Amino acid sequence: MCCQIFTKLNDRPDIICKVFKIKLDELLKDLKNESIFGKPKAIVYTVEFQKCGLPHCHILLFIQQSEKTRSSHDIEQHISAEIPDEQMQPKLYKLVQKFMVHDPCGVLNVSNPCMVNEKCSKFYPMAFCERTLIDNAGFPKYKRPDNGHTMNKKNVDVDNRYIVPYNAALLLKYSCHINVEYTCQTSTIKYLFKLFGFEIQFKEPNIICLPFHLPNEQNVLYEDHQLLENVIESATAKDSMFMGWMKANKEFEVACNLTFAELPSYFVWDKQGHLWRPWKQGHTFANILSVDGVAFYTYKEACYALGLLQDDKEFIDAINEASSWVSPFYIRRLFAMLLMSNNIVCPDVVWQQCWKHCADDVLYDKR
Ligand SMILES: [Zn+2]
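Residues numbered from 1 in each chain as written. Predicted model: local features only at pLDDT ≥ 70, side-chain atom pairs only at ≥ 80, totals over all residues. Heavy atoms only, no water.

Comments concerning the overall build of the protein
Within the protein, the secondary structure is distributed over 13 helices and 12 strands. Within the protein, buried positions represent 31% of all 367 residues. Of the roughly 25,700 Å² that the protein leaves accessible, carbon and sulfur atoms contribute 56%. (Helix = DSSP H or I, 4+ residues; strand = E, 2+ residues; numbered from the N terminus. Buried < 20%, exposed > 50% of the residue type's maximum accessible area, 1.4 Å probe, protein only. Areas by Shrake-Rupley, 256 points an atom, 1.4 Å probe, with all protein chains shown as cover.)

So this is what it looks like as structure tokens:
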């Protein structure tokens, strides 16, 4: 006979698992059938286990377009981040106090486990907010009015800024921590990645970023506190990877036949020394301008001759097409906009092919 007295929740993992599963099944049934948030078209969930072994679940609910919660008023109907009225809703008040208050942190308790670098990693306390808002990116800011309402948690009086968003009906029924949040498209996808535990970074083979630049236009990295003289001194003393490639061309015969992109296959970039070292030395700024013996004035023209840039056919097509349904006035504006966007490689070529559309009304106007 077992006379052991169980004092902690995780002393009985068998019961925890059974109760958790019963509640989860019931919750999923509610979410599917009872239409608490509207009829869902899809549900995704994962069960995770905290360090102490207690299970919890992340559920993502996709609501049918027609019933989708859109306005901030709709969100307020489903999600609350406020302390309920203790007299009017005593049961809900007790449940919020027990399950939906972020433990006092920040100035109230600097040693709470949520604190990282003297800041709450969960962003509590949240800012007061008189009504629920959705920002331009689609993220909600829940209503947390500065109305003087407080509740005691761990011997500290906390206000609405510490309430974790909840749904009153779910909290009353399940009597456990159920954080409910509205999420927009972007964060839904991020959340799905988190749910599925997908890697968000993968590199195979090893990828090296090769920045190139015009003479004296390389990026210079410096810290806010650095003196300007030191920034200039170190910038002039250190070669960029691109300049390093040119030096390697002079130094190593084998590098002469390697393009900038091919160089990392045979050389390794020494971050300290700011130079390429052979691991298993010509290109200069001047000879990049030369293609098949023809010297170009700009790097863009040289790239064009090498076929590295797209031609301007799409711009010519766009102007030709537009000319059939808009006036020459608008064609001129379109041409000017294309010029300003700096995407046309050879503006004179485009002009030669399209100037008649731009000037179609000139003779008429002059008559
Ligand atoms: Zn915190």
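Some words on the coordination of the zinc ion
Looking at the zinc ion, the protein donor atoms are His 102 (NE2), Cys 105 (SG), Cys 114 (SG) and Cys 120 (SG), and they sit 2.0 to 2.4 Å from it. Coordination at the zinc ion is tetrahedral: its 4 donor atoms span angles of 107 to 114° at the metal. Linear spacing of the donor residues for the zinc ion on their chain is H-x2-C-x8-C-x5-C. A residue is classified by how much of its surface remains accessible, and Cys 120, at 9% relative accessible area, is buried. (Donors = N, O, S within 2.8 Å, 3.2 Å for Na, K, Ca; no water. Tetrahedral: all angles 85-135°; square planar, octahedral: opposite > 155°, others 65-115°.)

Concerning the side chain of Gln 97
Secondary-structure assignment places Gln 97 in helix 3 (residues 90–99). Gln 97 gets classed as buried once you look at its relative accessible area, which sits at 19%. There is a polar contact of 2.9 Å between the side chain of Gln 97 and the backbone oxygen of Asn 152. Setting aside residues up to four positions removed in sequence, Gln 97 forms contacts with Met 151, Asn 152 and Lys 153. (Polar contact = N/O pair within 3.5 Å; in protein donor to acceptor, adjacent residues only side chain to side chain. Contact = heavy atoms within 4.5 Å.)

Side note on the packing of helix 10 (residues 313–323) against helix 11 (residues 328–340)
Pairs of packed helices are described in terms of their axes, by the angle between the two and the distance that separates them. Running from amino to carboxyl end, helix 10 crosses helix 11 at an angle of 160°, the nearest separation of the two axes being 10 Å. Here helix 11 runs roughly antiparallel to helix 10, going by the angle between their axes. Crossing geometry of helix 10 relative to helix 11 is assigned as right-handed. Where helix 10 abuts helix 11, its residues Phe 315, Ala 318, Ile 319, Ala 322 and Ser 323 lie against Ile 331, Leu 334, Phe 335 and Leu 338. (Axes fitted to C-alpha atoms, helices over the stretch in contact; angles between N-to-C directions. Parallel < 35°, antiparallel > 145°, perpendicular 65-115°, else oblique. Left-handed = near helix turned anticlockwise from the far one by under 90°.)

Section: helix 10
Listing the buried residues of helix 10 in full gives Phe 315, Ile 316, Ile 319 and Ala 322. Buried residues in helix 10, looked at end-on, bunch into an arc of 135°, giving them a common side. Residues of helix 10 that are buried sit in contact with helix 11 and helix 12 (347–358). (Arc of directions from axis to C-beta.)

Digging into the confidence of the model for the protein
Mean pLDDT over the protein stands at 83; residues scoring 70 or higher make up 86%. Within the protein, helix 5 (residues 185–196) has the poorest average pLDDT of any element, 64, and helix 3 the best, 96. (pLDDT = per-residue confidence, 0-100.)

Points about the pattern of salt bridges
If the charged atoms of two oppositely charged side chains come close together, the side chains can form a pair. This structure, assessed with the given rule, holds 11 salt bridges. For the salt bridge of Asp 30 with Lys 173, the shortest nitrogen-to-oxygen distance reads 2.9 Å. Here Lys 173 lies in helix 4 (residues 168–174) and Asp 30 lies in helix 1 (residues 13–34), a separation of 143 residues in the sequence. Overall, the relative accessible area of 5% leaves Asp 30 in the buried class. (Salt bridge = Lys/Arg side-chain N within 4 Å of Asp/Glu carboxyl O.)

Some remarks on the side chain of His 102
For His 102, the position within the fold is in the loop between helix 3 and strand 3 (115–116). Ignoring any residue separated from it by four or fewer positions in sequence, one finds His 102 in contact with Asn 112, Cys 114, Cys 120, Lys 122, Tyr 124, Tyr 162 and Val 164.

What about helix 12?
Here helix 12 contains 12 residues, and its C-alpha end-to-end distance of 14 Å is more than 12% below the 16 Å for a straight helix at 1.5 Å per residue. Among all positions of helix 12, only Val 350, Cys 354 and Cys 358 are buried. In a view along the axis of helix 12, the buried residues occupy a sector of 80°, so they form one face of it. For helix 12, exposure combined with an orientation more than 90 degrees from the buried face picks out Asp 348, Gln 352, Gln 353 and Lys 356. Considering only its buried residues, helix 12 is in contact with helix 10 and helix 11. (Expected span 1.5 Å × (residues − 1).)

Some remarks on unusual backbone geometry
Geometrically, the link from Tyr 124 to Pro 125 is a cis peptide bond, its omega value of -5° lying close to zero. Along the chain, Pro 125 falls in the loop between strand 4 (119–120) and strand 5 (133–134). One non-glycine residue with positive phi stands out, namely Phe 123, at about 70°. Of note, Phe 123 is situated in the loop between strand 4 and strand 5. The class for Phe 123 is exposed, based on a relative accessible area of 63%.

Overview of the nonpolar core
Most often, soluble globular proteins have nonpolar side chains that are buried together. In this structure, Val 96, Cys 105, Met 151, Ile 163, Tyr 166 and Leu 171 are the most contacted members of the largest nonpolar core, which totals 19 residues. Top element by residues in this core is helix 3. It accounts for 4 residues. With sequence-adjacent residues up to four places away left out, Met 151 is seen in contact with Ile 83, Pro 84, Tyr 93, Val 96, Gln 97, Val 101, Val 156, Asp 157, Val 158 and Ile 163. Of all hydrophobic cores here, the second largest spans 15 residues; its members include Met 246, Phe 260, Phe 267 and Phe 285. (Core = buried A, V, L, I, M, F, W, Y, C linked by side-chain atoms within 4.5 Å.)

Side note on the environment of Leu 95
Checked against the element boundaries, Leu 95 lands in helix 3. Taking the relative accessible area as the measure of exposure, Leu 95 reaches 9% and is therefore buried. Sequence spacing of Leu 95 and His 177 is 82 residues, and the spatial spacing of their C-alpha atoms is 8.7 Å. Beyond its immediate sequence surroundings of up to four residues, Leu 95 is in contact with Met 100, Leu 171, Leu 172 and Ser 175.

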